[in-house]
Amino acid sequence: MASRRRMLLKVIILGDSGVGKTSLMNQYVNRKFSNQYKATIGADFLTKEVQIDDRLFTLQIWDTAGQERFQSLGVAFYRGADCCVLVYDVNVQKSFENLNNWREEFLIQASPSDPENFPFVVLGNKIDVDGGNSRVVSEKKAKAWCASKGNIPYFETSAKEGFNVEAAFECIAKNALKNEPEEDIYLPDTIDVGGGQQQRSTGCEC
Amino acid sequence: MISDGLEDEEKWLAAGVAGLQQNSFYMHRALDSNNLKDALKYSAQMLSELRTSRLSPQKYYELYMRAFDELRKLEMFFREENRRGCSVVELYELVQHAGNILPRSYLLCTVGSVYIKSKEAPAKDILKDLVEMCRGIQHPLRGLFLRSYLSQVSRDKLPDIGSEYEGDENTVMDAIEFVLQNFTEMNKLWVRMQHQGPTREKEKREKERSELRDLVGKNLHVLSQIEGVDLDIYRETVLPRVLEQVVNCKDELAQCYLMDCIIQVFPDEYHLQTLETLLGACPQLQGTVDIKTVLAGLMERLSNYAASSAEVLPQFFQVEAFAKLNNAIDKVIEAQDEMPVDAVVTLYSSLLKFTIHVHSDRLDYVDRILGACVKKLSGKGKLSDSKATKQIVALLSAPLEKYKDIDTVLKLSNYPHVMEYLDDVTNKEMANVIVQSIIKNKSCISTADKVESLFGLIKGLINNLDSKLLEELDEEDFQEEQNYVARLIQMLHNDNPEEMFKMICTIKNHILTGGTKRLPFTVPPLIFNSLQLVRQLQSQDENATEDEAPVTPKKIFQMLNQTIEALISVPVPELALWLYLQCAEAANDCDLEPVAYEFFTQAYILYEEEVTDSKAQVTAIHLIIGTLQRMHVFGIENRDTLTHKATGYSAKLLKKPDQCRAVYACSHLFWVDDHDIKDGERVMLCLKRALRIANAAQQMANAARGSSGSVILFIEILNKYLYFYEKGLSQITLASVQSLIELITNEMQNENSASDPAAEAFFASTLRYIQFQKNKGGAVGEKYEPIKV
Ligand SMILES: Nc1nc2c(ncn2[C@@H]2O[C@H](COP(=O)(O)OP(=O)(O)OP(=O)(O)O)[C@@H](O)[C@H]2O)c(=O)[nH]1
Ligand SMILES: [Mg+2]
């Protein structure tokens, strides 16, 4: 079986303030939604058990502050992420344009070993607003951007109505699972390589 | 020094990470072989790395995150142990044996989380135990991280409403109490941090404290997320307790930051319903706290809320939000006598934005705010402080953006007074913003009074005479800006001629003071507005008695004459000449012969005295000829004078080809079918003269360059011949046409002449035309038939 590390999938949600990161997480984890805006401070995670191909995993979903001034401690929590979710508001052009910054910032800070293939998922949120009439970023445009960044999976969601949220996170979890974890395998001097790995691969309790 | 410090820090971090990895390796081995005792031992050793005091908050956070990740695995193990029958109570006891307090506390929190999940004891008791236990760590940095760990692991285990841990003796109040207590303790640690260590490191410490702020603020985020914190609980418990901590800590950094947090993490409805409490805390904060930013943040948030939906507005009215905010701001400004101007303006500008969103119909509120601003600024002269200036621009732009209608803005009596305080450059920028807004929104400005106010407002663009400023200006920027003004002038309109005339006069008075650089941009649109009015009058009441009417074409033409005169001093004689001709044509359409003649005279004087450049002369003469040809108002005498002059000018152009072309163009002045002018003799005179000039031109070319010049002039003249031949001018004989064709043919075959493809093509197409007319048959065909080609 996978090590304990593999039972835990770490996901980071990024995007401008107000696009609905917290709302998406709350909808997915607690099936709750509030119209009130309450800014997120720092980084905060909730967990949810998910089943993928008959196996149980714990999804650790990190919600972050979109307002820069509430991110004073830096982004050390990016470390070890298995998937990064980029959220924008389909009714706010700027939030879409900023996706690039968020993505690049993540790649720089988290520095995954294979940045080309690191799994991202893009969510265009708030599609319910005004029956879609106030939307300014078309699905086509969003998909084109995703395609240009190595075919990032794209979902249109409404945290308010719960639309597509489940499906999006299912995809997120699957992509997180696909990500090869970067265990910085630590081998103390006193232990020989073979023995160390032996130990690791046999320690199964399930 | 500093870079050394950073390098050292990297080393320490690396050492910490190495230690952590080593111990976590053994911890994993122990976990894999279900050796609880070793697992605890190594995890405690691993956590000992967090005892370091050498790292800055951000580096410490990196180390902490690694430990955090490892602890998740330990937690899973504990949970499995628990599932396998190991008592969580025993585990809880067991970890207490860890030697050092910091690792022990982390382990306790970790087991505690499993403990709560197991529901073997009430959540609230465990939480209380843990939050008390954390008191053992009084080192600020370590304490803050430990407590934020506690906050994180308990995050989904709070007994809030709907949670699985709620019920029996566990209530949402316990959840709130737990978070509030953790918050209070963390804030105390954070505030105390500034007093530790030598004073010379104060700056560094403040920076570090600032980095740590989110650990404290996050508790407020957690509070806001607790299910069941309704308005009552917020008003009665949460807000007072948080504010108490904020006020009592007497720390500038903490107060600034936490006020901002409160505003951002709690919902708008709550703020509205507790405005008094929140605002009431402001005067109790330290004098150094930047209250303007706090209040501005609050008002911005509420403005956005008001803008989000009209449905929420009644809440604002119900609690009299405007009055409360206005009051609070007045008090703050009053209390802080030394408040810098930019802060004052920032406050007013946020209040103004708030007001136009919430009370969009209350212009009096808006004007009152602007008035208060003027009062605060008065006596200070023009502002030189760029921050304050920026804020004033924001203050003045807000109503434009909101109302999208200059009319409304012109009603604000204090608006122009505020503008007075802007320096010249910014004043002009603001004027630009106003003009652009009018153009963009196609605002209608339709009375002379409004024009007067508007031009007063944008005088920075119209008649600022500071020549130094003008000189420094980028030429392109200047043109762009003046083109906008021109567009604005064109937009000013009223269907009522009398009012429109008044508006035109008002515009004129303003733009004539604009100086020579602006006039070329601003005069033409004014002239066209006026000529449009002339046409309107003329079409409306052809038979109105002229002298009684308040506006007549005559009056307008008088005004125009003066206006164009202004351009002469610029000097832009070509432009003035063109405008005179435009006026002459309009006068022609109104059957005002003397007026038209006067305009022509002006144009001729300009031509003779001011238009000196030969290229400009060519353009001007063709304009004159073209216009004159369309004039029908002139009697024979006037007409004679004007055409005579025009032919005279033509023959005096510098270059022969120019002369030739202007002279043959003059032929049209004597043959205008529509106006029954048919003077074949003089047509012929023009054409013959043109031929002579063409000849001379060719000879000159021969002499100068050794090759004969182009025949193109002859072909052009041939075309004129054909034109009048077709019209039936008796003076143009078949023989004269024929000989012209031969002349051209010979010239083209002449070996001396340079080949000229354009001329060849032109001639070929002329011949094709003749052939075409021949084939037509009928009267025309007959005329052309004898021509041999
Ligand atoms: N209509 C609609 N509103 C939404 C949706 N998702 C979120 N919202 C609203 O948008 C606002 C912001 O949502 P949050 O989830 O707090 O946004 P955030 O991205 O977490 O913002 P930060 O924490 O500041 O980074 C809230 O008022 C939500 O109620 C949605 O799908 N539809
Ligand atoms: Mg959020």
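No experiment lies behind these values; they were computed from the predicted model shown.

### Describing the site of ligand 1
All names here are of chain A. Every one of the 26 residues lining ligand 1 counts as a neighbour, but Lys21, Thr22, Ser23, Tyr37 and Asp128 are closest to it. Glycine 20 has a polar backbone atom sitting 3.0 Å from an oxygen atom of ligand 1. Note that an oxygen atom of ligand 1 is positioned 2.7 Å from one of the backbone N or O atoms of glycine 66. Starting from 640 Å² of accessible surface for ligand 1 in isolation, the protein chains cover 93%. Here the element with the most residues in the shell around ligand 1 is helix 2 (residues 21–30); it accounts for three residues. Of the residues that constitute the shell around ligand 1, the class distribution is seven nonpolar, 13 polar and six charged.

### Description of the packing of aromatic side chains
All names here are of chain B. Inspection of every chain in the model, using the stated rule, returns 44 aromatic pairs over all chains. Ring centres of phenylalanine 557 and phenylalanine 599 lie 5.7 Å apart, and the angle between their planes is 65°; on these two criteria the pair is classed as edge-to-face. Residue phenylalanine 557 is found in helix 29 (residues 553–568), and its partner phenylalanine 599 is found in helix 31 (residues 593–609); the two are separated by 42 residues along the sequence. Of the two residues, phenylalanine 557 and phenylalanine 599, both sit in the buried class. Measuring from centroid to centroid gives 6.1 Å for tyrosine 580 and phenylalanine 599, while their planes differ by 40°, and the two rings are tilted. In this pair, tyrosine 580 is assigned in helix 30 (residues 573–589) and phenylalanine 599 in helix 31, connecting sequence segments 19 residues apart. Summarising the burial analysis for this pair, tyrosine 580 and phenylalanine 599 share the class buried. The ring of phenylalanine 68 has arginine 72 lying over it, and the distance from NZ or CZ to the ring centre is 4.6 Å.

### Quick word on the interface of chain A and chain B
Taken together, the contact between chain A and chain B spans 41 residues of the former and 51 residues of the latter. Across the chain A to chain B interface the summed buried area is about 4200 Å²; carbon plus sulfur atoms make up 53%. Connecting chain A to chain B are four salt bridges. On the surface where chain A and chain B come into contact, there are 16 residue pairs in polar contact (both at pLDDT 80 or more). When contributions to the side of chain A that touches chain B are tallied by element, the ones reaching two or more residues are helix 1 (4–7), strand 1 (8–14), helix 2, strand 2 (43–52), strand 3 (55–64) and helix 7 (193–202) of chain A. With six residues, strand 2 of chain A is the single largest residue contributor to the side of chain A that touches chain B. Grouping the amino acids of the side of chain A that touches chain B by side-chain chemistry returns 15 nonpolar, 14 polar and twelve charged.

Thresholds applied
- Residues numbered from 1 in each chain as written.
- Chains lettered and ligands numbered in written order.
- Predicted model: local features only at pLDDT ≥ 70, side-chain atom pairs only at ≥ 80, totals over all residues.
- Heavy atoms only, no water.
- Near = heavy atom within 4 Å.
- Polar contact = N/O pair within 3.5 Å; in protein donor to acceptor, adjacent residues only side chain to side chain.
- Areas by Shrake-Rupley, 256 points an atom, 1.4 Å probe, with all protein chains shown as cover.
- Helix = DSSP H or I, 4+ residues; strand = E, 2+ residues; numbered from the N terminus.
- Nonpolar A, V, L, I, M, F, W, Y, C, P; charged D, E, K, R; others polar.
- Phe/Tyr/Trp six-rings, centres within 6.5 Å; stacked < 30°, edge-to-face > 60°.
- Buried < 20%, exposed > 50% of the residue type's maximum accessible area, 1.4 Å probe, protein only.
- Lys NZ or Arg CZ within 6 Å of the ring centre and 35° of its normal.
- Contact = heavy atoms within 4.5 Å.
- Buried area = accessible area lost by both parts, 1.4 Å probe.
- Salt bridge = Lys/Arg side-chain N within 4 Å of Asp/Glu carboxyl O.

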